[in-house]
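Breakdown of the fold
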Amino acid sequence: MNEFRTGIGYDIHRLVDGRRLILGGVEIPFDRGLLGHSDGDSLSHAITDALLGAAGLGDIGALFADTDPRWAGADSMIFLGHVVGLLNARGYRIVNIDATILAERPKMRPYIDAMQSKLAGTMGIDPARINIKAKTNEGLDAIGRSEAIGAQAIVLIAGEDRH
Ligand code: MG
């Protein structure tokens, strides 16, 4: 018998000069990038946190501290791949992921398919199991002023019922 569990994730990083813009593991041409100890990939971080939440394994900051020099400039696909490994070792598989990028600029549409492929490949799942959407913030707040890019994610995982 399967046990189903859900998890939710949120993340936001500041847009600054002199950084590459990486979202969903894909580099997007833009005049600024996301500030972070790692590559600042808020979409990947939101998905990673949602997976950890679903499995009851805490959060990304506890596993990959932003004070740990090992993760300085790290490719966030490393975090995501590691967390999927933890889930798989506990007998969980990913049923589906739905995520939303919150960004005023640049337009995300041309990069969504590449993000979906990259994330699915890193997680070892069919790309049909992950959906990525993007919205602006209608000019409101820090995201609307293009000072930051945020992301939300929700996941469903399935595993053996242990109860
Ligand atoms: Mg983050």
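So, here's what we can say about the structure. (Residues numbered from 1 in each chain as written. Predicted model: local features only at pLDDT ≥ 70, side-chain atom pairs only at ≥ 80, totals over all residues. Heavy atoms only, no water.)

**Section: the pairing of strand S5 (residues 93–102)**
Remark: a regular strand shows side chains that alternate across the two faces of the sheet. Formally: Between buried and exposed lies partly exposed: a residue is buried under 20% and exposed over 50% of the maximum accessible area for its type, with that area taken using a 1.4 Å probe on protein chains only. Secondary structure follows DSSP: runs of H or I at least 4 residues long count as helices, runs of E at least 2 residues long count as strands, and numbering of each begins at the N terminus. Only strands that DSSP links by at least two bridges are regarded as paired with each other. Crossover handedness is defined by viewing with both strands directed away from the observer: a clockwise path from the first strand over the helix to the second marks the crossover as right-handed.
Among the 10 residues of S5, 7 are classified as buried, and the element is accordingly described as predominantly covered. Where S5 and strand S6 (residues 130–135) come together, 6 bridges link them in parallel fashion. From the neighbouring strand, alanine 99 faces S6, where its bridge partner is isoleucine 132. With respect to chirality, the unit in which S5 leads through helix H4 (residues 112–123) into the neighbouring parallel S6 is right-handed.

**Describing the coordination of the magnesium ion**
Six octahedrally arranged donors around a metal ideally form angles of 90 or 180 degrees; four tetrahedrally arranged donors ideally form angles of 109.5 degrees. Under the convention used in this document: Distances up to 2.8 Å from the metal define which N, O and S atoms are donors, and 3.2 Å serves for Na, K and Ca; water is absent from the atom set, so sites may look incomplete.
Coordination sphere of the magnesium ion, protein contribution only: Asp11 (OD), His13 (NE2) and His45 (ND1), at 2.1 to 2.2 Å. As a motif over one chain, the donors of the magnesium ion read D-x1-H-x31-H. With a gap of 32 residues between them, histidine 13 in strand S1 (residues 2–16) and histidine 45 in helix H1 (residues 42–55) connect regions that are remote in the sequence.

**Quick word on the environment of alanine 54**
Just so we agree on the cut-off: Whether two residues are in contact is decided by their heavy atoms: any pair within 4.5 Å suffices.
Along the polypeptide, alanine 54 turns up in helix H1. Judged by relative accessible area, which is 1%, alanine 54 ranks as buried. Distance in space between the C-alpha atoms of alanine 54 and arginine 129 is 16 Å, their sequence separation being 75 residues. Those residues in contact with alanine 54 that sit more than four places away from it in its chain are Arg5, Thr6, Gly7, Val155 and Ile157.

**Observations concerning helix H3 (residues 76–89)**
Note the following rule: Multiply 1.5 Å by the residue count of a helix minus one, and that product is the helix's expected span. Along the arc lie the directions from the helix axis toward the C-beta atoms. Pairs of N or O atoms are called polar contacts if they sit within 3.5 Å, as long as, within protein, a hydrogen donor faces a hydrogen acceptor (for residues adjacent in sequence, only side-chain-to-side-chain pairs).
With 14 residues, H3 extends 20 Å from end C-alpha to end C-alpha; this agrees with the ideal 20 Å at 1.5 Å per step. Residues of H3 that are buried: Ser76, Met77, Phe79, Leu80, Val83, Val84 and Leu87. Buried residues of H3, seen end-on, are gathered within an arc of 155° and therefore sit on one face of the element. Buried-residue contacts for H3 involve H1, helix H2 (60–63), S5, H4 and strand S7 (148–160). The opening residue of H3, the one whose side-chain oxygen lies 2.8 Å from the backbone nitrogen of methionine 77, is aspartate 75. A positive phi of about 85° marks glycine 91, the residue just after H3.

**Some points on the packing of aromatic side chains**
Just so we agree on the cut-off: Side-chain rings of Phe, Tyr and Trp (the six-membered ring for Trp) are treated as a pair once their centres are within 6.5 Å; stacked means planes under 30 degrees apart, edge-to-face means over 60, and tilted covers the remaining angles.
Per the counting criterion, the structure on display carries 3 aromatic pairs. Aromatic side chains tryptophan 71 and phenylalanine 79 sit 5.5 Å apart centroid to centroid with 85° between the ring planes, which places their arrangement in the edge-to-face category. As far as burial versus exposure is concerned, tryptophan 71 and phenylalanine 79 are alike and both buried. Through a chain of ring-to-ring contacts, the aromatic side chains of Phe64, Trp71 and Phe79 assemble into a single cluster.

These values are about where atoms sit, not about what they do.
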